[in-house]
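These are the residues of each chain, in order.
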Amino acid sequence: MRISVLLLVIATLSPAIAETWSLMRFTPVCEGDIQRFSDLGFDPVMVYSDASCDFVATDAERQLLLRSGLQASCLVPDMEALYASHYREPLTMGGFQTWTEVQSWMDSLHAANPGITSAPTSIGNTYEGRPQLVMKISSNNSFSADDPSMPNACYDGLIHSREGASLRNIQYWMMWLCSNHGRNGFCGYQADWILDNREIWCLPVNNVDGWVYNQTQYPGGGGMHRKNRNLSAGGSGIDLNRNWSVGWGGAGSSGDPGSETYRGTGPLSEPEAANIDAFWQAHPPAQMHSTHAYANALIYPWGWTDAPTTHAAQYTTQGELMVTWGTGEDHYPSAQFYYASGNTRDHSYGLYGAMSWNHETGASFAGFWPPADEVVRLSRRNLRSYLVTACLAGRPYDPAVPGVPVMEEIGMVSGSFTVNWSDAANASFYALQRLSGYQVPLNDTGDSGPFNKVNWIMTGSQYHSPGQCYRSNGTGAMTWQQTVTIPPGGGGRISFWSMQNIVPESYQGAFSYSPDGGANWYYLQTFGRNDMNWRFNIHELDEWQGKTLSFRWESYGPAGSCALYIDDIKVEVWDTNTIQADGLSSSQHTVSGLPTGDYWFRAWAVDNSFGPGWPAEPVLAQVVGVGVEEASEAFVQDSFLLGVITPTPARTTAIVPVLLGGTEGVSLVVLDVAGRVVEDLTPVLAPGGVNIPLDVSGMRAGIYFVRLAGPAGVRTARMTVLP
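Residues numbered from 1 in each chain as written. Predicted model: local features only at pLDDT ≥ 70, side-chain atom pairs only at ≥ 80, totals over all residues. Heavy atoms only, no water.

Trainee: Before we move on, could you go through the packing of helix H6 (residues 164-180) against helix H14 (residues 383-392) and cite the residues and values that matter?
Mentor: In contact at an axis separation of 10 Å, H6 and H14 are set at 65 degrees when each is read in the N-to-C sense. Where H6 crosses over H14, the two elements pack in a sense that is right-handed. Mapping the contact onto sequence places Asn 169, Ile 170, Trp 173 and Trp 176 in H6 and Leu 383, Tyr 386, Leu 387 and Ala 390 in H14. In the contact of H6 with H14, the residues fall into seven nonpolar, one polar and no charged. (Axes fitted to C-alpha atoms, helices over the stretch in contact; angles between N-to-C directions. Helix = DSSP H or I, 4+ residues; strand = E, 2+ residues; numbered from the N terminus. Left-handed = near helix turned anticlockwise from the far one by under 90°. Contact = heavy atoms within 4.5 Å. Nonpolar A, V, L, I, M, F, W, Y, C, P; charged D, E, K, R; others polar.)

Trainee: Describe the sheet that holds strand E34 (residues 677-680), listing the residues and the values that go with them.
Mentor: What links the strands of a sheet is backbone hydrogen bonding, and the strands pair in either a parallel or an antiparallel sense. Spatial strand order, E34-E33-E36-E37: four strands in an open sheet with antiparallel pairing. Sheet topology places E34 and strand E37 (713-721) at the edges, where each strand pairs with a single neighbour. Put simply, the sheet's adjacent strands are angled 25 degrees from each other on average, direction ignored. (Pairing = 2+ DSSP bridges.)

Trainee: Please provide a residue-by-residue account of the layout of surface pockets, values included.
Mentor: In this model, the largest pocket occupies a volume close to 810 Å³. Surrounding the largest pocket, 28 residues form its lining, Asn 443, Lys 570, Pro 647, Thr 648 and Pro 649 being those nearest its centre. Looking at the lining of the largest pocket, the elements with two or more residues in it are strand E16 (439-444), strand E20 (491-502), strand E25 (562-574) and strand E30 (619-623). It is E16 that contributes the most residues to the lining of the largest pocket, four residues altogether. The class makeup of the residues in the lining of the largest pocket is 14 nonpolar, eight polar and six charged. Of the pockets and cavities examined, the second largest pocket occupies roughly 320 Å³. Contributing to the lining of the second largest pocket are 17 residues, with Ile 34, Ala 335, Phe 337, Tyr 338 and Tyr 339 lying nearest its centre. Elements with a contribution of two residues or more to the lining of the second largest pocket: helix H2 (31-40), strand E2 (43-47) and helix H11 (334-337). (1 Å grid on protein atoms, 1.4 Å probe; cavity = no way out; pocket = protein on both sides within 12 Å on 5 of 7 lines; lining within 4 Å. Points joined across faces, edges and corners; volume = space filled by probe spheres on them.)

Trainee: Lay out the confidence of the model for the chain in plain terms, naming residues and giving numbers.
Mentor: Overall, the predicted model of the chain reaches an average pLDDT of 90, with 95% of residues at or above 70. Between residues 1-17, whose pLDDT stays under 50, and residues either more than four places distant or in other chains, the model counts 18 contacts. In this model residues 626-635 is a low-confidence stretch, pLDDT under 50, and it forms seven contacts with partners more than four residues away in sequence or in other chains. (pLDDT = per-residue confidence, 0-100.)

Trainee: Mind laying out the sheet that holds strand E31 (residues 640-642), listing which residues take part and the relevant values?
Mentor: With antiparallel pairing, the three strands of this open sheet are ordered in space as E31-E32-E35. The sheet is open, and its two edges are formed by E31 and strand E35 (688-695), each paired on a single side. Across the sheet, the mean angle from the axis of one strand to that of its neighbour is 20 degrees, orientation sign disregarded. Pairing of strand E32 (residues 653-660) with E35 involves eight bridges; the strand directions are antiparallel.

Trainee: Could you give an account of the environment of Phe 337, naming the residues involved and the relevant values?
Mentor: Relative to the elements of secondary structure, Phe 337 occurs in helix H11. With relative accessibility at 7%, the residue Phe 337 sits in the buried group. Once residues within four sequence positions are removed from consideration, Phe 337 is found in contact with Val 45, Met 46, Val 47, Ala 295, Ile 299, Tyr 332 and Glu 360. (Buried < 20%, exposed > 50% of the residue type's maximum accessible area, 1.4 Å probe, protein only.)

Trainee: Could you give an account of the side chain of Asp 567, with specific residues and numbers?
Mentor: Mapped onto the elements, Asp 567 comes out in strand E25. A polar side-chain atom of Asp 567 sits 3.1 Å from the main-chain amide nitrogen of Ser 465. Aside from chain neighbours lying at most four places away, what touches Asp 567 is Thr 445, Gly 446, Tyr 463, His 464, Ser 465, Gln 468, Cys 469, Phe 496, Trp 497 and Trp 534. (Polar contact = N/O pair within 3.5 Å; in protein donor to acceptor, adjacent residues only side chain to side chain.)

Trainee: Can you break down the nonpolar core residue by residue, with the values?
Mentor: Ranked by size, the top nonpolar core spans 83 residues in total, and within it Ile 137, Tyr 155, Trp 173, Ile 194, Ile 200, Trp 211 and Phe 368 carry the most contacts. Ignoring sequence-local partners within four residues, the contact set of Trp 173 consists of Tyr 155, Ile 194, Ile 200, Cys 202, Leu 383, Tyr 386, Leu 387 and Ala 390. Of all hydrophobic cores here, the second largest spans 29 residues; its members include Phe 511, Leu 524, Phe 551 and Ile 569. (Core = buried A, V, L, I, M, F, W, Y, C linked by side-chain atoms within 4.5 Å.)

Trainee: Mind laying out the side chain of Gln 132, listing which residues take part and the relevant values?
Mentor: With respect to the secondary-structure elements, Gln 132 resides in strand E6 (residues 131-137). Taking the relative accessible area as the measure of exposure, Gln 132 reaches 0% and is therefore buried. Apart from the residues lying within four places of it in its own chain, the contact partners of Gln 132 are Thr 121, Ser 122, Ile 123, Gly 124, Thr 126, Leu 203, Asn 206, Pro 271, Glu 272, Asn 275 and Ile 276.

Trainee: For the pairing of E30, give the residues involved together with the corresponding values.
Mentor: In terms of residue burial, E30 counts as a mostly covered element, since five of its five residues are buried. Both strand E28 (residues 597-607) and E30 contribute to a ladder of five bridges, which runs antiparallel. Bridged to Phe 601 within E30 is Val 619.

Trainee: Can you lay out the packing of helix H10 (residues 312-325) against H14 for me, pointing to particular residues and giving the numbers?
Mentor: When two helices pack together, their arrangement is captured by the angle between the axes and the distance separating the axes. Orientation of H10 relative to H14, taken along the N-to-C sense of each, is 135 degrees, at an axis distance of 8 Å. Considered as vectors, H10 and H14 are oriented oblique to each other. The element H10 and its partner H14 pack so that their crossing is right-handed. In this structure, H10 contributes Gln 318, Leu 321, Met 322 and Trp 325 to the contact, and H14 contributes Arg 384, Ser 385, Val 388, Thr 389 and Leu 392. A breakdown of the residues in the contact of H10 with H14 according to their chemical character gives five nonpolar, three polar and one charged. (Parallel < 35°, antiparallel > 145°, perpendicular 65-115°, else oblique.)

Trainee: Describe unusual backbone geometry, listing the residues and the values that go with them.
Mentor: Glycine aside, the phi torsion of most residues is negative, and most peptide linkages are trans. Residue Ala 293 is joined to Tyr 294 through a cis peptide bond whose omega torsion reads 5 degrees. With respect to the element layout, Tyr 294 can be found in the loop between strand E9 (287-292) and strand E10 (297-300). For the bond running from Pro 466 to Gly 467, omega is 0 degrees, close enough to zero to count as cis. Unlike most non-glycine residues, Leu 268 shows phi in positive territory, near 55 degrees. Examined against the element boundaries, Leu 268 turns out to sit in the loop between helix H8 (208-217) and helix H9 (271-282).

Trainee: Requested: an account of the pairing of E9, with residues and values cited.
Mentor: For E9, a buried count of six out of six residues is recorded, marking the element as mostly surrounded by other parts of the structure. Going residue by residue along E9, you find Gln 287, His 289 and Thr 291 tucked away on one face and Met 288, Ser 290 and His 292 tucked away on the opposite face as well. Bridging between strand E7 (residues 152-156) and E9 involves four bridges; their strand directions are parallel. Bridged to Asp 156 within E9 is Ser 290. For E9 and strand E12 (residues 355-360), the ladder comprises six bridges, and the chain directions are parallel. Residue pairing for E12: Ser 290 is matched across the bridge by Asn 358.

Trainee: Talk me through the packing of aromatic side chains; I want residue IDs and the actual numbers.
Mentor: Under the definition given, this model contains 45 aromatic pairs. An angle of 80 degrees between the planes, with centres 5.9 Å apart, marks the rings of Trp 325 and Phe 610 as edge-to-face. Of this pair, Trp 325 sits in helix H10 while Phe 610 is found in the loop between E28 and strand E29 (611-612), placing the two residues 285 residues apart along the sequence. An aromatic cluster of at least three residues, connected via ring pairs, comprises Phe 451, Tyr 470, Trp 480, Phe 496, Phe 511, Phe 551 and Trp 553. Sitting above the plane of the Trp 248 ring, Arg 263 keeps its charged end 5.5 Å from the centroid. Its guanidinium or amino end placed over the ring of Trp 521, Arg 552 lies 4.2 Å from that ring's centre, counting from NZ or CZ. (Phe/Tyr/Trp six-rings, centres within 6.5 Å; stacked < 30°, edge-to-face > 60°. Lys NZ or Arg CZ within 6 Å of the ring centre and 35° of its normal.)

Trainee: Can you break down H8 residue by residue, with the values?
Mentor: Along H8, the residues classified as buried are Val 208, Asp 209, Gly 210, Trp 211, Val 212 and Asn 214. Each element contacted by the buried residues of H8 is listed here: helix H5 (99-112), E6, H6 and H9.

Trainee: I'd like to hear about the pattern of salt bridges, residue by residue, with values.
Mentor: All chains considered together, the criterion is met by 30 salt bridges. We note a salt bridge from Lys 136 to Asp 146, for which the minimum N-O separation is 3.8 Å. With Lys 136 in strand E6 and Asp 146 in the loop between E6 and E7, this pair connects stretches of sequence that are ten residues apart. Among the residues examined, Lys 136 registers a relative accessible area of 0% and is labelled buried. Glu 320 serves as the salt-bridge partner of Arg 529, at 3.0 Å between the closest nitrogen and oxygen. In this pair, Arg 529 sits in the loop between strand E22 (522-528) and strand E23 (530-540) while Glu 320 sits in helix H10, placing the two residues 209 residues apart along the sequence. A single network of salt bridges, built from pairs that share partners, joins Asp 43, Arg 162, Arg 226, Asp 239, Arg 242 and Glu 260. (Salt bridge = Lys/Arg side-chain N within 4 Å of Asp/Glu carboxyl O.)

Structural data, given as structure tokens:
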């Protein structure tokens, strides 16, 4: 007998003053052990590749485990005591809101956004008589009058009352929709499209009684009560995520009232589950997204059987879309994680046809009651997955996103000009955005850029672009030494390529931002699986207008089990966002009437059934004259201009814009830093506006100067060539 098991026996024979929850690790010896463990209905919180799992057990369940003869060790004897030790200073509910505070918060959110939210509305009372409050967020904000043309997407948290991160994630999703409504820029466009085309239903606190009970018992956080408060069967309540109709009574649930997965006396026997089922009958969901803690996994039906669903392929596609947009965890059927019969996702999919997800959020180091700083980081962790499922409510069984257009170079223009871009997949129409004051504060290719690295290294063994990238080398962070300020009416974007080789059960990588000089950090994106494929990551920044942002990449885990690779980091910022045109049926648009100046344009595709895809990389238009044709011709006759070279840095081709009244006595050459001519572009000069392509693929990496010389003087522009 292992020492930990022996200690467990001693503990279970000692008189208990109150219920104690322990974190255990079950290790199967044979195939039959797995089935026996499942039949006993324990509550797994983490499943490992060797078929072992961590699970939470009460006093009675520990004794049941010993009688069953299954192998288990005790990892944490008293989880409530462990969580209580997290908080060095008293925090109400460990940094989460109490039920009273949640109600006030929902009232305040509605008062501040009356045009796009319903009042918090009870869909029925809990076992102890408290309301289950749902808020609708949509331009059609009537709670009772649905618009059939606007698909429903439903989000809930805290069905298990010790999983506070689920509450915080739902709240941030609600705040994001409201705070970005009406904002100029891509994030505002994205939020407004969702509000105008979806009905978003949010239930932040599903298991109200259990949450209140945890507050009563552990007001500073750390309460481990999971179930509702129906004690009539003699146990400690009913597991609301085992009380649903589809698969009720099967594997992964228990008929023992003392079990953490006690399923109740029958399907929908509990008012909390019955209330939601009645609500879904009135408002059938196209997508259902229920948030739990903690396992860093996206799981979908079925939980009661190993058989695949009819839409197994579509679930895989949806999961990959969420990974691409910002949640880097594995996704798989619930039964592959653990059996769980009678759960919400099986019920909403099996009875209402909703593509349904459980988001197990937070790695094992966070647990059910994470430390205060981790509470903050977790706040918006699932936001991008919620965005995906909200958009996919319009095409749940045919998941696809719009492609990203590629802009054609514009260069120097006068008067009216046409902006062109490539056609994009799944585009119903296009939007064209105009930017001003565009800058690139960072364009780093893994070459020891301006970062503070703690347990991060540079490696040449892997890279997206030659010849190296950044790699995590244990628990630590790579922090950008600079910051970027988003102008009050402007926007920006940060993009990078990533690859990961992370043991998902216990470790995690992340990309985070801070809006307050590093006092608080929030997860923008997480990484938690073995995925050695380079993926492109985009984060639009106009939602932080007027704020100064810091960025860092993080890893949590030993070097051999948590390898996060980052390359080709680019930060862009601009002074203004303007929608130049919307609803464009073709991939071009004519622009006129702009004053002389520099403007950047980018387009994005919009799918009527999904919404907007990611914007294209911007291209520069240098407007040098407007008005009637005669004025433009006179301007050209006297012109001698060298425009801004784009892109810079460049790897393959750069565009050199030139506007000339004539070419007599004019030369255009490229010089290295020593003043040597490396390219002579004079032969391709012509009167008028010319965008000259410069092949830089054969040039050494470094700084170059383009010089335009003639009777009117000399003009010089600087450019950088990358390896």
